[in-house]
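Observations on the three-dimensional arrangement
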Amino acid sequence: MQGRDEELRRIELMLADARCGESGALLLQGEAGIGKTALLEYAAARAEGLRVLRVEGIESEMELGFSGLHQLFLPVLQMLDRLPAPQAQALRSVFGLADAPVRDRLTVALAALSLLAEAATEMPLLCLVDDLQWLDQPSADVLAFAARRLRAEGVAMLFAARGDSPGSTARALPRLHVTGIDRTAAAALLPGLAPYVVERIIDQAQGNPLALRELSAALTPAQRSGQLGSLALPEAPSMLPSQLQETLAEQIRRLPEASRRILTVAAADDTGDLAAVLAAAARSGGSVEDLAPAERAGLVAVSGVGLRFRHPLVRFAAYRRAPLAERIAAHRALAETLDGAEHAHRRAWHLAAAATGPDERVAAELERVAEWAGSRQAMASASAAYERAAQLTVDPVLRARRLIGAAQRASEAGQDERCGALADQVPQPLQDPGIAADFARVRAVVELGFGSPARAARILAEGADATATEHPDKLPVLLTDALHAAFAAGDATLIAEIAARAPGLPVLAVPAQLFADAAPGPREDGEAATDGVPTVLGVRAVRGAQRPLRELVAACGRAQVGLMDRLMTGHYCHLLADHATAHQVASAAVAHCRDRGVGGWLPTTLHLLAQVELALGRRDEARAHAAEALRLADYYDLDHRVAHLRALLAVLAAARGEEDRTRQLVDLALEYTRPRGVGRGTADALWALGLLDLGSGQAQRALDRLEAARDSVGHPLMARHLMPDLVEAAVRAGHPERAKAPAEALAACADALRQPAVSAQSRRCRALTAPTPRAEKHYLAALDLHPADDSFERARTELLYGEWLRRQRRKLDARDRLRAALERFDRVGAQPWARRARTELRAAGEHHDPALAADSPIARLSPQEREVVRLAAAGATNREIATQLLLSPRTVGHHLYRAFPKLGISSRTQLADLLGG
């Protein structure tokens, strides 16, 4: 371990923390041979008092879903029974120990997290993952998920990966770049060589420890002594991995032919199972004796049951140096050896590696592998199997179907770029309308990932047109997906065009009525809506939508209703300001996802629920659900949903006056939404900035932001939630003429919708724009209409009314209103608005002590502690909290342990009373 002081210090610290019950993770990155594996071996040797679990990524095993996770967990599989039943079942299924599908990959990830935490209860754990870049993608995703969430379990996770840039899986792991050792440390690894030779090798090795060893080992005795003068080494430094490969290949070439052949079989194998390697080698006359020369050369280590290469580069060299015919023979021999049902997947991949041309029998086996992997949520592995099956397929229809399957699974694995590349390979034109419909959905996914939701919606709508006659059963799914994308774009015209294709379907009948009179909306390049967009919402449109909406709401009570219909029903109720019904529908959709393990849709349903909770004034609940949705969307690589959720969280942060957080969330959201024409996401992000400016007294800037937000969606129904802020900003900025149109649009919405919350906002805006004698009756009417549980909106009306009363020199009346506003603003944590209320109170002659403001005990906690405490107060167990917040149960207990003293309590039973008070 020459020259590795910093690396060893970090490793020793991780081991010490694990012994004290703390968890940690570290990714070692660097070029091949730089010493990453040696550092992992050092950690294993120093892990006294820790149980060591380890796995090594193998390039030939990358397509076998969850094979790496299975290898890592082999020593602790007996602990599966300690996990919650759904988690234990999920791991048994992905490991092939149970013949049952897995509905959601998040369950697998949580199960792995729970198993690590459970195993650490007996003794601390050290998990070593070498060659992460070659680990199968599902295993790498799960282990990275666990590493990011372990806190107080006593688990140390040490990863090693080749290269300078981590993949998407490891991007959030703490990293340590392992570089070359200095010349002094390098010289210490080269004893017995002439000084001139030492200097030449150090120059060539560039600090790479493996290169130092291998280059020196390749010298002849004369070269070691320096007697020959110039060494037989390149004059200019080359790319080290290539040079090392050649050095290792030379060592292998010196072996007897029989030893080289058995090394090829061992390199093609992905298990290290000595019996399987010997059985396959025996088919070409090989035997265990043929391994002896390779053992003596230090290339492999052989035990009674296993075979292990000294370094991954040795395996790579042994495989690549072999002629193609030998590699094909090795894979064919291994396939013939692995004849049991439990080896079906490995056999299929070995047959595929041995295939030199189309082979339908092998393609069919790979398709079965893909179906199995997909049923276990190993989508990256399923995609790879479908792709290889397509490569071996001659029939163009079958080939197209398999390529589409590969693209769909790539999309579900979060590999949007690969999904697009696979879609480009699908042979055109597609004669089968059913396959064409599936292809339209793949193209739409690619467009959502890299283009605009408007174009994705058009692709789906065109796919529906092409398949309507022969496959009418596919029409509802295609059009509903298209509608969902069009809503994301905020394009009312596109919504109307899609809905008009099948207005007899209730899920399309509602928007067909609501947006029937929509003229062209925002274009794909993000420009503002044209003058033809209706400026007010018609009563007739709302009444026409109510009957099909009632049918949809009633249908949502039936279990067989699809999730997308539930989502769209919730959206419609939310648009029409029936927030109580929207909350019921959204809550049921979230429960549907949780109960059925539909984790990929959970961020979308939680997003809808958070939007509705914001409209209802339940801001803490909205913040918690939006934060949970963001964590899940990030895990599932749903960049589109991540942008929407960041915008929503920015709105919530803006009301609290959290300026830095608001701007950070908005910048990230707009970076995604603006180039892609995601109109609703852009509108929400700009709304957050406008609300932030309005709260801080920057009325002109707020007005500009809010008008831009309105123009991002155009249609008054989709901009309704912006109108109250826009009117207030225009009046405060001294532009009452710019308040007139949004106030009229909001009044029309209130008349059409007949919902108290909207009517209250409309009356407040009418008070702002009305002549002075009529303002008071509108303020009073608004206060009568505000729902009791929407403290923030009611407080804003109280504030504006109090300001108006003070300007009328009715200071005593003004103080009453301003005190009520201040109390409500403090209660919801809306600090900018609370400061405005205090300023107005002082102007009204009352000196309010800021120290007397309400101070919620939960504000003393960190954000993570706050979420844990909130759920614990609601009666959730540590395991239930862990599942919802993507933590381990021990981490949940750790957060509660830290929170109780801050809250001044000593038991869980006191939480509900404390938070309720």
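Residues numbered from 1 in each chain as written. Predicted model: local features only at pLDDT ≥ 70, side-chain atom pairs only at ≥ 80, totals over all residues. Heavy atoms only, no water.

**Thoughts on the packing of helix H20 (residues 396-412) against helix H22 (residues 433-450)**
Between two packed helices, the angle of one axis relative to the other and the distance separating the axes together describe the packing. Relative orientation of the contacting elements H20 and H22 amounts to 30°, with a least axis distance of 10 Å. As judged from the angle between their axes, H20 and H22 are roughly parallel. By crossing handedness, the relation of H20 to H22 is classed as left-handed. Each of Val-397, Arg-401, Ile-404, Ala-407, Gln-408 and Ser-411 in H20 lies in contact with H22, whose residues at this interface are Ile-435, Asp-438, Phe-439, Val-442 and Val-445. Tallied by class, the residues present in the contact of H20 with H22 amount to seven nonpolar, two polar and two charged. (Axes fitted to C-alpha atoms, helices over the stretch in contact; angles between N-to-C directions. Helix = DSSP H or I, 4+ residues; strand = E, 2+ residues; numbered from the N terminus. Parallel < 35°, antiparallel > 145°, perpendicular 65-115°, else oblique. Left-handed = near helix turned anticlockwise from the far one by under 90°. Contact = heavy atoms within 4.5 Å. Nonpolar A, V, L, I, M, F, W, Y, C, P; charged D, E, K, R; others polar.)

**Points about the nonpolar core**
Counting 186 residues, the largest nonpolar core has Phe-73, Leu-91, Met-157, Phe-515 and Phe-825 as the members making the most contacts within it. Within the second largest apolar cluster, 45 residues are counted, among which are Ala-186, Leu-210, Leu-313 and Ala-333. (Core = buried A, V, L, I, M, F, W, Y, C linked by side-chain atoms within 4.5 Å. Buried < 20%, exposed > 50% of the residue type's maximum accessible area, 1.4 Å probe, protein only.)

**Thoughts on the environment of Arg-701**
By the secondary structure assignment, Arg-701 is in helix H35 (residues 699-713). Arg-701 gets classed as partly exposed once you look at its relative accessible area, which sits at 38%. Along the primary structure Arg-701 and Ala-559 are separated by 142 residues, whereas in three dimensions their C-alpha atoms are 48 Å apart. Each residue touching Arg-701, except ones within four places of it in the same chain, is listed here: Arg-663 and Asp-693. For Arg-701, the side chain forms a polar contact with the side chain of Asp-693, separated by 3.2 Å. (Polar contact = N/O pair within 3.5 Å; in protein donor to acceptor, adjacent residues only side chain to side chain.)

**Here's the deal with the packing of aromatic side chains**
Inspection of the entire model under this criterion finds ten aromatic pairs. Taking the centre distance of 4.9 Å and the plane angle of 65° together, the rings of Phe-145 and Tyr-635 count as edge-to-face. You can see Phe-145 sitting in helix H6 (residues 137-149) and its partner Tyr-635 sitting in helix H31 (residues 619-635), a full 490 residues away along the chain. Judged by its relative accessible area of 0%, Phe-145 falls in the buried class. Summarising the aromatic geometry, the rings of Phe-825 and Trp-833 are spaced 6.2 Å apart at their centres and angled 35° between planes, so their arrangement reads as tilted. Accessibility expressed as a relative area gives 1% for Trp-833, which makes it buried. Taken together through their ring pairs, the aromatic side chains of Phe-145, Tyr-635 and Tyr-636 make up a single cluster. A cation sits over an aromatic face here: Arg-105 above Tyr-635, 5.2 Å from the ring centre. It is Arg-676 that lies over the ring of Tyr-672; its NZ or CZ is 4.1 Å from the centre. (Phe/Tyr/Trp six-rings, centres within 6.5 Å; stacked < 30°, edge-to-face > 60°. Lys NZ or Arg CZ within 6 Å of the ring centre and 35° of its normal.)

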